[in-house]
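Structure at a glance
Each chain, letter by letter, is given below.
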Amino acid sequence: MQRSVLVVLGAILAAFLALPVIALFATATIADLSSGLQHPLVWPALRLSVLTTSISTAIAVLLGTPLAWILATARGRFFGLLETLLQVPIVIPPAVAGIALLLAFGRRGLITSALCPDGCSITFTTSAVVLAELFVSAPFFVQAATSAFRRVDSQLVLVAQTFGASPLRVFFRIAVPLAMPGIVAGAAMSWARALGEFGATLMFAGNLEGRTQTLPLAIYTALETDLRAAQALSIGLVIVALTLLVFVRATLRGSRASWEAPP
Amino acid sequence: MTPTPRFLLANRFRAAFALRVLLLALLVFATACKKTEAPAPAAMAAKAETLVVFAAASLRESFTAMGEDFKRTHAGLQITFNFAGTQELRTQVEQGAAVDVFASADQRHMQELVRAGQLAEPATFARNEPVIVVSREAASSVHALADLANTQRLVIGSPEVPIGRYTLQILDRAAPSLGAGFRSKVEAHVVSRELNVRQVLTKVKLGEAQAGIVYRTDAQTTPDLAVVPIAADINVIAEYPIAVAVKAPHPSVGREWVTYVRSAAGQAALARAGFLPPISPN
């Protein structure tokens, strides 16, 4: 009986989270879906979304994994403050993130005038899309990877160091393999966040088909004229994201099984 | 619904019980939602009347000012404004939002809602003229529509939104005087097609774009940008219609609001924001 109280409470949230997604699918007919997928904005946008989120996630993993290891192992107030600061992009509204990116890297941006005085800018380019996605999604990766590294048994690291393993060797041979499930999960979460990124991209990179118009921007553009097409595109995006999540869960289960198997 | 004695419950009975409780909760929730629709307006009228006005984003400043004035002659009246893109407002009305008056920045959305039986007899109350806004750095090189063909970074509205549609119409209408290839020459310099007119303005304001096409009312909010008018024989002027909702909770005060917007006082407030009067009051 007491368990059923928990079940009911949990079920309320589960239903709330699932119902809109179900409604998205349930209110569309196959005809809507096929006509939506033939919308001229779909394929260039999908291609661009896959390309830019792959790059931004790769950058997040490449640079974020060392950062997470430093944050997980360093001591001191400075690193605590840094860790908090790095979470700020998660809480600021995406449109504000876009303004912040413009003020930093835009044509009159903080560092643009120093880097290139004759006024170059990456605004309105595909690189700007990658930067916007990286800015909003990398904090998720760093957060997940940091807590994964914190769960690595410090005894193992100590033993390795006693046997003369260099810091890099400890990182690559001990920390990263042991934290791998957390790193993969973090990468997936960061990828999913990048895939859905809208506000910062619109603000910082603009909206031009084939160059900066990602799937969420195409959905919003289609929404201006045709709710059905927008819905079909949204279903496409949900399916892409769902495939990704299922893939990651399968990978995690596989890896966990091999790691947690008794020696 | 009577639960089975607790001590007898096996695991799957518990799950079934939880499911029933959940379904009941959903049912209660659903009926509660339905019920609030009918009695709410009456209950609200008993306390203080609240006029709900859905208006295009470009009407924010002028409608807010008009609202303060309107309340002075209507003691106890509250006005709730919902300012957003006309398309968003239209979707909200179609999904059953409780609205008294709808003011659109676009004839097309208005006609669709009238055809769907949501709105009654619209009247044009204002017009808004597209103009070219130019960033400080490009101010010396853009003096006319023709100069857009030589602008490096141009931002316009997406063709799905009204300002973008007007922009393309303007470029097409310029073909006889500026050459058949004018539109494609200009479009070659377009770096972004923004989803609303304020985004176009922001990009020019920040200097990311050298020039853009926005409404006169938007340009007027940013005094530090140079404004270049578009010749009247080429320009496409946006018409703003207003209508009372068929199912308006407060139809009479809604009609009074429409009358006020079209009165001399309302027109003066709109003119201050940069709007043009309608051609012939109908």
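1. Overview of the overall build of chain A
A tally of helices and strands in chain A yields 13 helices and zero strands. Ordering the α and β elements of chain A from the N terminus gives α-α-α-α-α-α-α-α-α-α-α-α-α. Across its three principal axes, chain A shows a C-alpha extent of roughly 70 × 65 × 30 Å. Here chain A, with 263 residues, has 38% of them falling under the buried criterion.

2. Quick word on the sheet that holds strand E4 (residues 119–128) of chain B
Residues and elements named next belong to chain B. Across the sheet, five strands lie side by side as E2-E1-E3-E10-E4; this open sheet has mixed pairing. Strands at the two margins of the open sheet, each flanked by one partner only, are strand E2 (78–84) and E4. Going from strand to strand, the sheet's axes swing by 20° on average, the running direction of each strand aside. One ladder, built from seven bridges, connects strand E1 (residues 50–56) with E2; its direction is parallel. Bridge pairing links Thr-50 to Gln-78 in E2. Against the sheet, helix H3 (residues 60–73) touches E1 and E2, its axis set at about 175° to E2.

3. Concerning the packing of helix H8 (residues 126–150) of chain A against helix H10 (residues 167–195) of chain A
In helix packing, the relevant descriptors are the interaxial angle and the interaxial distance, both defined with respect to the helix axes. Residue and element names in this part refer to chain A. Axis separation between H8 and H10 bottoms out at 8 Å; the angle between their running directions is 155°. Between H8 and H10, the angle is such that the two are roughly antiparallel. Remark: the crossing between H8 and H10 carries right-handed chirality. On H10, the residues touching Glu-133, Val-136, Ser-137, Ala-138, Phe-140, Phe-141, Ala-144, Ala-145, Ser-147, Ala-148 and Phe-149 of H8 are Ala-175, Ala-179, Gly-182, Ile-183, Ala-185, Gly-186, Ala-187, Met-189, Ser-190, Arg-193 and Ala-194. Class assignment for the residues of the contact of H8 with H10 results in 15 nonpolar, five polar and two charged.

4. Some remarks on the nonpolar core
Counting residues in each nonpolar core, the largest one holds 128 residues, and the members touching the most others are Leu-101 and Ala-132 of chain A together with Val-53, Phe-102, Ile-132, Val-133 and Val-214 of chain B. When residues of this core are sorted by domain, at least three fall in each of domain 2 (39–127 + 239–272) and domain 3 (130–229) of chain B. Contact partners of Phe-102 of chain B, with chain neighbours within four places excluded, come to Phe-54, Leu-89, Val-93, Leu-113, Leu-119, Ala-243 and Ala-245 of chain B.

5. Regarding the sheet that holds strand E5 (residues 130–134) of chain B
Residue and element names in this part refer to chain B. The five strands are arranged E7-E6-E8-E5-E9 in an open sheet whose pairing can be described as mixed. Edge positions in the sheet fall to strand E7 (190–194) and strand E9 (226–229), since each has one partner strand and no second. Between one strand axis and the next, the sheet turns through 30° on average, direction left out of account. Pairing geometry for E5 and strand E8 (residues 211–215), over five bridges, is antiparallel. Note on E8: the bridge partner recorded for Val-131 is Val-214. Contacting E5, strand E6 (154–157), E7 and E8, helix H6 (residues 162–173) crosses the sheet at an angle of about 115° to E6. Seen against the sheet, helix H9 (residues 197–205) touches E5, E6, E7 and E8 and runs at an angle of roughly 145° to E8.

6. Focus: the pairing of E5 of chain B
Residues and elements named next belong to chain B. Of all five residues in E5, five are buried; the element is thus mostly enclosed. The sheet contact formed by E5 and E9 spans four bridges and is antiparallel. Pairing of Val-133 across the sheet is with Val-227, part of E9.

7. Some words on H3 of chain B
Residue and element names in this part refer to chain B. End to end, H3 covers 21 Å across 14 residues, agreeing with the expected 20 Å (1.5 Å per residue, within 8%). Within H3 the residues assigned to the buried category are Ser-62, Phe-63, Met-66, Gly-67 and Phe-70. An end-on view of H3 places all buried positions within 135° of arc, on one side of the element. Facing away from the buried side of H3 by more than 90 degrees, the exposed set consists of Glu-68, Asp-69 and Arg-72.

8. Quick look at the interface of chain A and chain B
Many structure descriptions define interface size as the accessible area lost when the parts assemble. With 25 residues of chain A in contact, the opposing surface of chain B contributes 22 residues. Residue assignment for the side of chain A that touches chain B shows that the elements contributing at least two residues are helix H1 (2–26) and helix H12 (215–223) of chain A. Element by element, the count of residues in the side of chain A that touches chain B is highest for H1 of chain A, at seven residues. Class assignment of the residues belonging to the side of chain A that touches chain B gives a composition of twelve nonpolar, nine polar and four charged.

9. With respect to the packing of H3 of chain B against helix H12 (residues 264–272) of chain B
Residue and element names in this part refer to chain B. Contact geometry of H3 with H12 gives a least axis separation of 9 Å together with a crossing angle of 150°. By crossing handedness, the relation of H3 to H12 is classed as right-handed. Side by side, H3 and H12 meet where Ser-62, Ala-65, Met-66 and Asp-69 of the first sit next to Ala-265, Gly-266, Ala-269 and Leu-270 of the second. Taken together, the residues of the contact of H3 with H12 break down into five nonpolar, two polar and one charged.

10. Some points on H6 of chain B
Relative to the 16 Å expected for twelve residues at 1.5 Å per residue, H6 of chain B spans 16 Å between its end C-alpha atoms, a close match to the ideal helical length. Every buried residue of H6 of chain B is accounted for by Pro-162, Ile-163, Gly-164, Tyr-166, Thr-167, Ile-170 and Leu-171 of chain B.

11. With respect to the confidence of the model for chain B
Residues and elements named next belong to chain B. With 82% of its residues at a pLDDT of at least 70, chain B reaches an overall mean of 84. Between residues 1–10, whose pLDDT stays under 50, and residues either more than four places distant or in other chains, the model counts eight contacts. With pLDDT under 50 throughout, residues 31–46 is counted as low confidence; its partners more than four residues away or in other chains account for two contacts. Among the scores for the predicted complex, ipTM is 0.76 and pTM is 0.78.

12. Considering unusual backbone geometry
Residues and elements named next belong to chain A. You will see that Phe-124, though not glycine, has its phi angle at about 70°, which is positive. The topology assignment puts Phe-124 in the loop between helix H7 (112–115) and H8. In this structure Phe-124 comes out as buried when scored by C-beta crowding, with 24 C-beta atoms within 10 Å.

Calculation notes
- Residues numbered from 1 in each chain as written.
- Chains lettered and ligands numbered in written order.
- Predicted model: local features only at pLDDT ≥ 70, side-chain atom pairs only at ≥ 80, totals over all residues.
- Helix = DSSP H or I, 4+ residues; strand = E, 2+ residues; numbered from the N terminus.
- Buried ≥ 20, exposed ≤ 12 C-beta atoms within 10 Å, placed from the backbone.
- Pairing = 2+ DSSP bridges.
- Axes fitted to C-alpha atoms, helices over the stretch in contact; angles between N-to-C directions.
- Contact = placed C-beta atoms within 7 Å.
- Parallel < 35°, antiparallel > 145°, perpendicular 65-115°, else oblique.
- Left-handed = near helix turned anticlockwise from the far one by under 90°.
- Nonpolar A, V, L, I, M, F, W, Y, C, P; charged D, E, K, R; others polar.
- Core = buried A, V, L, I, M, F, W, Y, C linked by C-beta atoms within 7 Å.
- Domains from an automatic or database assignment.
- Expected span 1.5 Å × (residues − 1).
- Arc of directions from axis to C-beta.
- pLDDT = per-residue confidence, 0-100.

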